[in-house]
Amino acid sequence: MSGDGGGETVHGCVLLVGAGGIGGPAALALAAAGVRELRVVDDDQVEITNLHRQILFDEDDVGRPKLDAFAEALRRRFPRLRVDRRSGRFTPSAAAALMPGVSVVVDATDNFASRFLIADVCRLTRTPVVHAAAVRWRATVMAVSADGGPCYRCLFEDLPAGDAPDCATAGVAGPVPGVAGALAADRALAILAGQRSIFGRIATYDGLSDTLRSVPVAARSTCALCGERAAISTIDASRYVNACARDTEAGDPESGSPGPVEGDRESGSPTPVERSREGGSPHSPQHWRS
């Protein structure tokens, strides 16, 4: 793979949320295509059980912060690439500091709370986003324009009640996150190039049948995020807690229930996210895991 990231520079900053099995392949593809600036958000460490799908890491990285190993691996291959490391999670309180200067977001997270939060923040800041997920043998990718319609909430109105399978519980075939990452990078590059044909469709790869389908997604006029009477205008941390987490008082480690996305715990007030940005740049929820 070229060490200079290819030929012409692709202008724009890509915010990559998640430095794991999807984030790694997406970053490689983006850098090789000429993207020069990545902002990466992650708070996890490299684990040996994840090496089969997290291709930027090896056994020497086990126990290290993913961000450090991630940035070093990319810089070895692409010396001209700027990796802006942001340690932590994409939370309501962190979103305001993460979004300025971002041209497109790649959502490579592994839980529904984060996916809905990213969808909402991107809509309110008028930032296009590519949602990518992988579980078992299936990869799913959807690009959403800055205007929404259709958006992630057009597909799935709100967080599912109770638990949903993820890589830890359902497993994932090693190559599948790579496919998801490559598809996500392809959509992000198309957005940076000004192409709009990728919006309004969802791509699904089935590794068992080795098939890739792209089908249209309809916008919902009643969508709370991008519909005619959209109700979501601020980021309230309580919105990103599913019914199971509520029942177990915001996440019980013993039960394995997911907790809420962190917000402003002291005041309990919604977190405002700016609506304007200068310069303006047939599936079930369980498939949206990574």
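Because the structure is predicted, anything quoted here is derived from the model rather than measured.

Student: What is the right way to read the overall build of the protein chain from this model?
Tutor: Along its length, the protein chain carries eight helices and eight strands. For the protein chain, buried positions account for 51% of its 290 residues. Accessible surface, the protein chain: about 12,900 Å² in total, of which carbon and sulfur atoms supply 47%.

Student: What is the right way to look at the packing of aromatic side chains in this model?
Tutor: The description of an aromatic ring pair rests on the distance of the ring centres and on the angle between the ring planes. Taken as a whole and assessed by the stated rule, the structure comprises two aromatic pairs. Between the aromatic rings of Phe-116 and Tyr-152, the centroid separation amounts to 4.9 Å while the plane-to-plane angle is 70 degrees, which identifies the pairing as edge-to-face. One end of the pair, Phe-116, is in helix H4 (residues 112-124); the other, Tyr-152, is in helix H5 (residues 152-155), and 36 residues separate them in sequence. With a relative accessible area of 0%, Tyr-152 lands in the buried category. Between Tyr-152 and Phe-156, the ring centres sit 5.4 Å apart and the planes meet at 70 degrees, which makes this aromatic pair edge-to-face. We classify Phe-156 as buried; its relative accessible area is 6%. An aromatic cluster is built from Phe-116, Tyr-152 and Phe-156, whose rings are joined through pairwise contacts.

Student: Got a minute to help me understand the confidence of the model for the protein chain in this structure?
Tutor: Reading fine detail from the predicted coordinates is not recommended where pLDDT is low. A residue-level look at the protein chain finds 77% of positions with pLDDT of 70 or above and a mean pLDDT of 83. Within the protein chain, the lowest mean pLDDT, 41, falls on helix H8 (residues 243-247), and the highest, 98, falls on strand E4 (residues 104-107). Here residues 274-287 scores under 50 on pLDDT; set against residues more than four positions off or in separate chains, the count is 36 contacts.

Student: Would you mind showing me how to read H4 here?
Tutor: An α-helical turn contains 3.6 residues, so a residue and the one three or four places further along point in the same direction. Taking 1.5 Å per residue, 13 residues should reach 18 Å; H4 reaches 18 Å between its end C-alpha atoms and fits that length. Across the 13 residues that make up H4, a large majority, 13, are buried. One or two positions beyond H4, positive phi appears at Arg-126, with a value near 55 degrees.

Student: Help me understand the packing of helix H1 (residues 23-33) against helix H2 (residues 66-77), please; the structure alone is not making it clear to me.
Tutor: When two helices pack together, their arrangement is given by the angle between the helix axes and by the axis-to-axis distance. Running from N to C, H1 and H2 point in directions that differ by 25 degrees, and their axes come no closer than 11 Å. Overall, the two elements H1 and H2 adopt an arrangement that is roughly parallel. The two elements H1 and H2 cross, and the hand of that crossing is right-handed. Residues Gly-23, Gly-24, Ala-27 and Leu-28 of H1 touch H2, and the partners they reach there are Phe-70, Leu-74 and Arg-77.

Criteria and cut-off values
Residues numbered from 1 in each chain as written. Predicted model: local features only at pLDDT ≥ 70, side-chain atom pairs only at ≥ 80, totals over all residues. Heavy atoms only, no water. Helix = DSSP H or I, 4+ residues; strand = E, 2+ residues; numbered from the N terminus. Buried < 20%, exposed > 50% of the residue type's maximum accessible area, 1.4 Å probe, protein only. Areas by Shrake-Rupley, 256 points an atom, 1.4 Å probe, with all protein chains shown as cover. Phe/Tyr/Trp six-rings, centres within 6.5 Å; stacked < 30°, edge-to-face > 60°. pLDDT = per-residue confidence, 0-100. Contact = heavy atoms within 4.5 Å. Expected span 1.5 Å × (residues − 1). Axes fitted to C-alpha atoms, helices over the stretch in contact; angles between N-to-C directions. Parallel < 35°, antiparallel > 145°, perpendicular 65-115°, else oblique. Left-handed = near helix turned anticlockwise from the far one by under 90°.

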